[in-house]
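Notes for the structure review
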Amino acid sequence: MKRISILIADDEEEIADLIAIHLEKEGYHVIKVSDGQEVLQVIQTQSIDLLILDIMMPKMDGYEVTRHIREQHNMPIIFLSAKTSDFDKVHGLVIGADDYMTKPFTPIELVARVNAHLRRFMKLNQPKEDNKLTLEFGGLVISPEQRTVKLYGENIELTPKEFDILYLLASHPKKVYSVENIFQQVWGEAYFEGRNTVMVHIRTLRKKLEEDRQKNKWIKTVWGVGYAFNG
């Protein structure tokens, strides 16, 4: 069986080495680079299953790296950064990261998040005998096989997590999902400090579905409870 490969991108050598030690103990194959351009070079030439990415790096920062990666790849991306503001966290998630941890960090927690994201990613990419059905609601078409969304014939570009949230809600119209339940089902891990993460993804999802023109057209807020698909 192919070993899972994890790419660590951080220009602080001591941090990259610390992360590598803990991940290698888990049996992962680890590759380390120190700038953004190296990240793209490695991903173009090698099979990478998960990326741990710093934001402030030489040559190309983590945000720009993520934009390039998301044009072609869906592997989990975890930002690990000294930037601690809510703006930085939100921005990282909006452009396509799956998780955001701040420095200083606990290696045990980082490994737990890596394991959770990989379990979920591998499960999503396993071939299934019973294919999920394409969902259609008026002008909205959600195709799980191609992982595409069209709104009145126009393609809507969603991040992997945005797509998963939309498909989860749309698969059970009118059913109310709590923030905790959405986090557990989409991120595939126990709920901890995930409320803001879910709310950020819901907000950007609504914007891409043009709900600013008609509030709560597709995703309805059930105050004090959670969210439901208004299909």
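Going by what an unreviewed UniProt entry lists, the protein chain is known as Two-component response regulator and is assigned to Neobacillus massiliamazoniensis. Database annotation for the protein chain, UniProt heading Subcellular location (unreviewed entry): "Cytoplasm".

Looking at the packing of helix H2 (residues 36-45) against helix H3 (residues 62-69)
Where H2 meets H3, the axes come as close as 9 Å, and the angle between the chain directions of the two elements is 20 degrees. Taken together, the axes of H2 and H3 lie roughly parallel to each other. Considering the relative orientation of H2 and H3, their crossing is right-handed. Here Gly36, Val39, Leu40 and Ile43 of H2 come into contact with H3, specifically with Val65, His68 and Ile69.

A look at the sheet that holds strand S3 (residues 50-53)
As summarised here, the arrangement of the five strands in space is S2-S1-S3-S4-S5, forming an open sheet in which the pairing is parallel. What marks the edges here is a single partner per strand, and that holds for strand S2 (29-33) and strand S5 (99-102). Averaged over all pairs of adjacent strands, the angle between strand axes in this sheet comes to 20 degrees, irrespective of strand direction. Two elements, strand S1 (residues 5-9) and S2, share five bridges in a ladder whose sense is parallel. Counted as the bridge partner of Ala9 is Val33 from S2. Contacts between helix H1 (residues 13-25) and the sheet are confined to S1, S2, S3 and strand S4 (77-81), with S2 contributing the most and set at about 170 degrees to the helix.

Quick word on helix H5 (residues 107-124)
With 18 residues, H5 should cover 26 Å at 1.5 Å per step; its first-to-last C-alpha distance of 26 Å lies within 8% of that length. Burial in H5 covers these residues: Pro107, Leu110, Val111, Arg113, Val114, Asn115, Ala116, His117, Leu118, Arg120 and Phe121.

Looking at the domain arrangement of the protein chain
Taken domain by domain, the protein chain holds domain 1 (5-125) and domain 2 (135-229). For domain 1 and domain 2, the distance between their C-alpha centres works out to 24 Å. Listed as interface residues are 17 residues of domain 1 and, on the opposing side, 15 residues of domain 2. Of the roughly 1300 Å² buried between domain 1 and domain 2 on both sides combined, carbon and sulfur atoms contribute 54%. Counting across the interface, domain 1 meets domain 2 through two salt bridges.

Reading the values: the criteria
Residues numbered from 1 in each chain as written. Predicted model: local features only at pLDDT ≥ 70, side-chain atom pairs only at ≥ 80, totals over all residues. Heavy atoms only, no water. UniProt positions renumbered as here; feature names shortened; annotations may be inferred. Axes fitted to C-alpha atoms, helices over the stretch in contact; angles between N-to-C directions. Helix = DSSP H or I, 4+ residues; strand = E, 2+ residues; numbered from the N terminus. Parallel < 35°, antiparallel > 145°, perpendicular 65-115°, else oblique. Left-handed = near helix turned anticlockwise from the far one by under 90°. Contact = heavy atoms within 4.5 Å. Pairing = 2+ DSSP bridges. Expected span 1.5 Å × (residues − 1). Buried < 20%, exposed > 50% of the residue type's maximum accessible area, 1.4 Å probe, protein only. Domains from an automatic or database assignment. Buried area = accessible area lost by both parts, 1.4 Å probe. Salt bridge = Lys/Arg side-chain N within 4 Å of Asp/Glu carboxyl O.

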